[in-house]
Amino acid sequence: MELLVALIIGVLVATGVYLCLRARTFSVVLGLTLLGYGVNVFLFSMGGLKINQVAVVGASADPTDPLTQALVLTAIVIGFAMTAFLVVLALRSQGEQHSDHVDGQDGEQRS
Amino acid sequence: MMLPAIVLLPLLAALLPMFTRHLGRRWCALLVALPVVAALGLLAQASLPIWEGGMQQWSMAWLPSLGLNLALRLDGLALLFCVLILGIGLLVVVYAHYYLPAKDDGGRFYTLLLLFMFSMLGVVTSDNLLFLVFFWELTSLSSFLLISYKQYDSAARKGARMALTVTGMGGLALLAGVLLIGHVVGSFSLSTVLENGALVQQHALYPVILCLVLLGAFTKSAQFPFHFWLPHAMAAPTPVSAYLHSATMVKAGIFLLARFYPVLAGTDLWFYLVTTAGMATLLWGAVWALFQHDLKGLLAFSTISHLGLITLLFGLNSPLAAVAGVFHIINHATFKAGLFMAAGIIDQQTGTRDMRRINGLWKYMPYTAVLAMVASAAMAGVPLLNGFLSKEMFFTETLQSDQLGAMSWLLPLGATLGGVFSVAYSARFIHDVFFNGEPVNLPKFPPQEPPRYMKIPVEILVALCVAVGVFPAITVAALLAVAATATLGGTLPEYHLAVWHGLNIPLLMSVIALVGGIAVYACRRRLFAWYARLPEIDAKRVFEGRIQAVVRLAAGVTRRLQTGSLQGYVAWVLALVAAVLVWQLPNLASVTGERAMLPVDGVSVLCALMLIAAALLTTVLHRQRMMAIICLSVVGLIVSLIFVRFSAPDLALTQLSVEVVSVLLLMLAMYFLPSRAKADSNPLRVSRDAVLAVLIGTGVAVVALLVMTTDTATISPFFLENSVPGGGGTNVVNVILVDFRGFDTFGEITVLGIAALGIYALLSDLKLASAKYDPFGRPWAHDAHPLVLVTLSRPLLPLALMIAVYIFLRGHNLPGGGFVAGLITSVALLLQYVASGVTWVHKRIPGDYHPLVALGVLLAGLTGVASWAFDAPFLTSTFTHVHLPLIGDFELASAMLFDTGVFLTVVGATLLILANLGKLSLLDDKKETT
């Protein structure tokens, strides 16, 4: 199961990185969202995986790590706020520069 | 408390001209002179124990954990320097009053001068090495301001810049050296370091330490090859030169050599480095001094030469030589300050400093002439003047050094040669300026004696030269003895201060120097002609050129890296990550740890495959935006299933509700951002990014796998055990959020609030032209609010709100809590926006969400502050059980109030973001209809 989760993390991070490197703001937003998923699952998995061992006192014999969950919980919400900020930044850039290129202008492709 | 007062008085005085400058220069001079006099008085009192072999110390803990104490120490050496700094400083204050041009109110000048005096006092009295470096840098900065005092003069600015660059770099080296000393000794206290010289010298880092400290000293004291900045610092007003280049600034380097003498000196490396630098500087300065036609230029090179002489003495590794070095510090300070002041008088009275034009001034200003002549005779080392005594000691010491073995004769030879040129340039100063025919075409003619009181500082200094020269035993002996004792850090060698030592080789060397010097001066015409044929090297231009080259190089590198392309920057950062992974990951012995993996089941595999397929599809279809969003939402949903599967119901709930708002957000973004079907990345770039993505993805997956299968000790058992007794709740995740790590959460909701406000600000006045058609050319549907959705959504609202309240209340004990409840409430309200439109919703509920955000953060903060009332730290929680009729026994925790704050912030922020984004389309609609 761990291998499966690691695979998922790898795919999420890889697709996220690839999309972050695109030139258009919308793709970058998609990429950051994917990367965010990957990072959240990664952080979550740092506590180790347990099935049916909810971190509620008295509900399970060998509760899972609650700390990573608490960290990831806020990370999810903040991640949303940051994505929203990015979207609005992209909109603003579109409004001011009339371009959705991350560099603010459609120039020649730089390598 | 006397020591800090001595150091701080000049700082106080530096502030006074700010208030008195409108009263004119006389008041400024008087008001800054008084604190200096007071400091001298305090110094006299503080010095009482020092004459009996003791010392004064004062310290105050500041940052003890970093070894930073405000510590001062007054021993013999510090006393000597304090006397020079304050004494000559006072004379310069008086002199400058008469020197400065009439229209200058002196405010800025005196402030800078006193600031410099303060920094110098700090350098010489610091008992903490870091403190010393701080003052050292302060001298560099304040001397920069003093040298560039004539801001309108490009030469002054360039000279100041050069001085700052050279001494500033030396300061950095000194800092590094001091940090290493602290590392080796284990303390930054100067007193401790002075006692542990052997420890430093035996350490493997000794050569590095020595080189770094010497770099600091040599740059400050203008030792070869760092001497070139000093002549250009002559662009400063003459009182500044008299102060900086006789007693203070350049002597700071010498002070450093003397201060660290017990710690660093005594080794062969010290001998070779310091002696070589000293000898080279001595000869270089002495020879070129003769050829300077500028009066101050001659004095500048002579200063370089004398600094070299002192450095050479410290390099000889003999206690007697060190005594001679300390003695020459005193002598050089007195005669050189006097000479600079005399040069300033001549400059002021004739309007020029060119010695080819200034001749025969004896006729016009005989009194000044006498003073200048005595001072230059002292500089030349003429008997019965102070320079003679220390130079005699210098000659003796060079004769006695045998560290060069068979080449030992080089030292006395070099010393005599230096003496010859020293006499030659002193002779030129006397003969060329005061005799040698008539003045040539002076800008001011005829020159006159300066105002009476302007000569007083010069008179005092010249009188000191004579007094020390004739009666060394009763004038300077005591001060020299305590200073030399402190320098050597122990017993004083046997020495004898006297004018007459009998007929011996040093006397012969003096005679050779005198006769030879006059002979050299006699054939000056041929020498000047030779000099004139030399290719002209302007150190300033060379230096500026090199600086420009460095700047160009830096600009070039910056242009290459800072292309302005954010896409490029991201690629660089990610490439670096990939490089680290590629570099380190192959070193792993195994990608799995010792813990056995959980068994795999079919449903999990199926879900994982769906997620992977959806993520890949999002990437492949990212230009077909609707499809990409749908795929992305599949990914998000399966991520929340992962949380469900691995015992994280709180996360699953949060992820699920965030997913809804995220998709709404992306839909809005899609609506406004231009659609674009064409690919605009070239294949090369695509493959480069793909490689980066695969590398980083693999790396992160490997790290995750390794950590997941490794048993690690965590702090989580603490939370599990203390959740009920400490936080009063069984849902450990929620208790961590609102109680154990409540401060974190508080920070996080603040970030959430700030992000929402930032978004609000970014959206204000934003005008966007949204597309009328979708990418396939079809117009957007006009049916904005489908009837089915509207009808279904309305009864959903109270139900959803009820669930939110339920989730919120049970949060402390079962999965749920403020974050999730807030998100559910937001989703329920957003559904109304989507179904019925912004206008409809805002008719029914106030659409202003900022107060909600503020209220939430405030409530959470106040809950934290409230614990102060019970003498508990910020955010301490408490809980109690209450019994209500009908409902029964339930628990009330103060954390619940905090969670309410979280709830309000989440609702406020989410709605603020999305409602305002949604309003943009409203503006667009209005534009359309009008």
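Chain A is annotated in an unreviewed UniProt entry as Monovalent cation/H+ antiporter subunit C of Alcanivorax jadensis T9. Reading the Subcellular location (unreviewed entry) entry of the UniProt record for chain A gives the comment "Cell membrane". Word for word, the UniProt comment on chain A under Sequence similarities (unreviewed entry) is "Belongs to the CPA3 antiporters (TC 2.A.63) subunit C family."

Undergrad: Account for the overall build of chain B, naming residues and giving values.
TA: When helices and strands are counted, chain B shows 39 helices and four strands. A burial count over chain B gives 48% of its 930 residues as buried. For chain B, the share of sequence-separated contacts (at least 6 apart) that also reach a separation of at least 24 residues comes to 79%.

Undergrad: So what about the overall build of chain A? Which residues, and what values?
TA: If you tally the helices and strands in chain A, you get three helices and zero strands. When its helices and strands are written in sequence order, chain A yields α-α-α. Of all intrachain contacts in chain A linking residues separated by at least 6 positions in sequence, the fraction that spans at least 24 positions is 47%.

Undergrad: Could you give an account of helix α24 (residues 505-522) of chain B, with specific residues and numbers?
TA: All names here are of chain B. Given a rise of 1.5 Å per residue, 18 residues ought to cover 26 Å, and the 25 Å separating the end C-alpha atoms of α24 matches this to within 8%. Of the residues making up α24, those classed as buried are Pro 506, Met 509, Ser 510, Ala 513, Leu 514, Gly 517 and Tyr 521. One side of α24 holds all its buried residues, which, seen down the axis, span an arc of 140 degrees. Facing away from the buried surface of α24 by more than 90 degrees, the exposed residues are Ile 505, Leu 508, Val 511, Val 515 and Ala 522. Check the buried side of α24 and you find it contacts α18 (366-380), α19 (386-400), α20 (410-434) and α25 (524-533).

Undergrad: Run through the UniProt feature "transmembrane region" (unreviewed entry) in chain A, naming residues and quoting values.
TA: Residue and element names in this part refer to chain A. When the UniProt feature table is mapped to this numbering, "transmembrane region" (unreviewed entry) covers residues 6-21, 28-49 and 69-91. Secondary structure within residues 6-21 divides into 94% helix and 0% strand; the distance between the first and last C-alpha atoms comes to 23 Å. Taken end to end, residues 28-49 comprises 82% helix and 0% strand; its first and last C-alpha atoms sit 30 Å apart.

Undergrad: Describe the interface of chain B and chain A, listing the residues and the values that go with them.
TA: Listed by partner, the interface residues are 103 residues for chain B and 80 residues for chain A. Residue classes in the side of chain B that touches chain A are distributed as 67 nonpolar, 26 polar and ten charged.

Undergrad: A description of helix α35 (residues 787-810) of chain B should follow, citing residues and the corresponding values.
TA: Residues and elements named next belong to chain B. The end-to-end C-alpha separation of α35 is 35 Å, in line with the 34 Å expected for 24 residues at 1.5 Å each. The sharpest bend along α35 comes to roughly 35 degrees, located at Leu 796, with the proline Pro 798 sitting one to four residues further on. The complete set of buried residues in α35 reads Ala 804, Ile 807 and Phe 808.

Undergrad: Provide a residue-level description of the confidence of the model for chain A, including the pertinent values.
TA: In the predicted model, chain A carries a mean pLDDT of 87, and the fraction of residues at 70 or more is 93%. The least confident element of chain A, judged by mean pLDDT, is helix α3 (residues 66-97) of chain A at 89; the most confident is helix α1 (residues 2-20) of chain A at 94.

Undergrad: Describe the nonpolar core, naming the residues involved and giving the relevant values.
TA: Judged by nonpolar contacts, the single largest core of 200 residues is most densely connected at Ile 85, Ile 147 and Ala 375 of chain B. Considering every element that reaches this core, the biggest residue donor is helix α17 (residues 319-350) of chain B, with 18 residues. In contact with Ala 375 of chain B, not counting residues within four places along its chain, are Phe 335, Gly 338, Leu 339, Ala 342, Val 462 and Cys 465 of chain B. Grouped together as the second largest cluster of nonpolar side chains are 139 residues, Leu 49 of chain A together with Phe 646, Val 853 and Leu 911 of chain B included.

Undergrad: Give a detailed account of the pairing of strand β2 (residues 68-74) of chain B, specifying residues and quantitative values.
TA: Residues and elements named next belong to chain B. Relative to β2, strand β1 (residues 56-63) runs antiparallel, the two sharing seven bridges. Its bridge partner lying in β2, Ser 59 is registered against Ala 71. The antiparallel pairing of β1 with β2 creates a hairpin that spans four residues between the two strands, and Gly 67 there sits at a positive phi of about 75 degrees.

Undergrad: Go over unusual backbone geometry, please, and point to the residues and values.
TA: Residues and elements named next belong to chain B. Between Phe 224 and the following residue, Pro 225, the backbone shows a cis peptide bond with an omega angle of 0 degrees. With respect to the secondary-structure elements, Pro 225 resides in the loop between α10 (206-220) and α11 (229-232). For the bond running from Phe 445 to Pro 446, omega is -5 degrees, close enough to zero to count as cis. Turning to its location among the elements, Pro 446 is positioned in the loop between α20 and α21 (455-470). The phi dihedral of Asn 317 is positive, around 65 degrees, even though this residue is not glycine. Under the C-beta neighbour-count criterion, Asn 317 is labelled partly exposed, with 18 such atoms within 10 Å. The phi dihedral of Ser 647 falls on the positive side, at around 60 degrees, and the residue is not glycine. In this fold, Ser 647 is placed in the loop between α29 (625-645) and α30 (649-672).

Undergrad: I'd like a description of the packing of helix α34 (residues 742-763) of chain B against helix α38 (residues 850-869) of chain B, backed by residues and values.
TA: A packed helix pair is summarised by two numbers, namely the angle formed by the two axes and the spacing between the axes. Residue and element names in this part refer to chain B. At a minimum axis distance of 10 Å, the contact between α34 and α38 shows a crossing angle of 160 degrees. Between α34 and α38, the crossing angle belongs to the class labelled roughly antiparallel. Crossing of α34 over α38 shows left-handed handedness. When α34 is examined against α38, the residues Phe 746, Ile 749, Thr 750, Gly 753 and Ala 756 are found in contact with a partner set consisting of Val 853, Gly 856, Val 857, Ala 860, Gly 861 and Gly 864. Across the contact of α34 with α38, the residue classes break down as six nonpolar, five polar and no charged.

Undergrad: How would you summarise the environment of Leu 121 of chain B if you had to cite specific residues and measurements?
TA: Residue and element names in this part refer to chain B. Secondary-structure assignment places Leu 121 in helix α5 (residues 107-125). Through-space distance from the C-alpha of Leu 121 to that of Leu 132 is 10.0 Å; in sequence the pair is eleven residues apart. Beyond its immediate chain neighbours, meaning those up to four positions away, Leu 121 contacts Ile 6, Val 7, Pro 10, Cys 82 and Ile 85.

Undergrad: For the environment of Val 56 of chain A, give the residues involved together with the corresponding values.
TA: Assignment of secondary structure puts Val 56 of chain A in the loop between α2 (25-45) and α3. On the basis of neighbour count, Val 56 of chain A is assigned to the buried category, with 23 C-beta atoms found within 10 Å. Put simply, Val 56 of chain A and Pro 66 of chain A are ten residues apart on the chain and 8.8 Å apart in space, counted from C-alpha to C-alpha. Filtering out sequence-adjacent residues up to four positions away, Val 56 of chain A remains in contact with Thr 730, Asn 731, Val 732 and Leu 814 of chain B.

Undergrad: Break down the packing of α2 of chain A against α29 of chain B for me, citing the residues and quoting the values.
TA: Their axes nearest at 11 Å, the elements α2 of chain A and α29 of chain B cross at an angle of 10 degrees. Taken together, the axes of α2 of chain A and α29 of chain B lie roughly parallel to each other. Contacts from Phe 26, Leu 30, Thr 33, Leu 34, Tyr 37 and Val 41 of chain A in α2 of chain A reach Arg 625, Ala 628, Leu 632, Val 635, Gly 636, Val 639 and Ile 642 of chain B in α29 of chain B. Split by residue class, the contact of α2 of chain A with α29 of chain B holds ten nonpolar, two polar and one charged.

Definitions and limits used
Residues numbered from 1 in each chain as written. Chains lettered and ligands numbered in written order. Predicted model: local features only at pLDDT ≥ 70, side-chain atom pairs only at ≥ 80, totals over all residues. UniProt positions renumbered as here; feature names shortened; annotations may be inferred. Helix = DSSP H or I, 4+ residues; strand = E, 2+ residues; numbered from the N terminus. Buried ≥ 20, exposed ≤ 12 C-beta atoms within 10 Å, placed from the backbone. Contact = placed C-beta atoms within 7 Å. Expected span 1.5 Å × (residues − 1). Arc of directions from axis to C-beta. Nonpolar A, V, L, I, M, F, W, Y, C, P; charged D, E, K, R; others polar. Bend = angle between axes of the 7 residues up to and from the residue. pLDDT = per-residue confidence, 0-100. Core = buried A, V, L, I, M, F, W, Y, C linked by C-beta atoms within 7 Å. Pairing = 2+ DSSP bridges. Axes fitted to C-alpha atoms, helices over the stretch in contact; angles between N-to-C directions. Parallel < 35°, antiparallel > 145°, perpendicular 65-115°, else oblique. Left-handed = near helix turned anticlockwise from the far one by under 90°.

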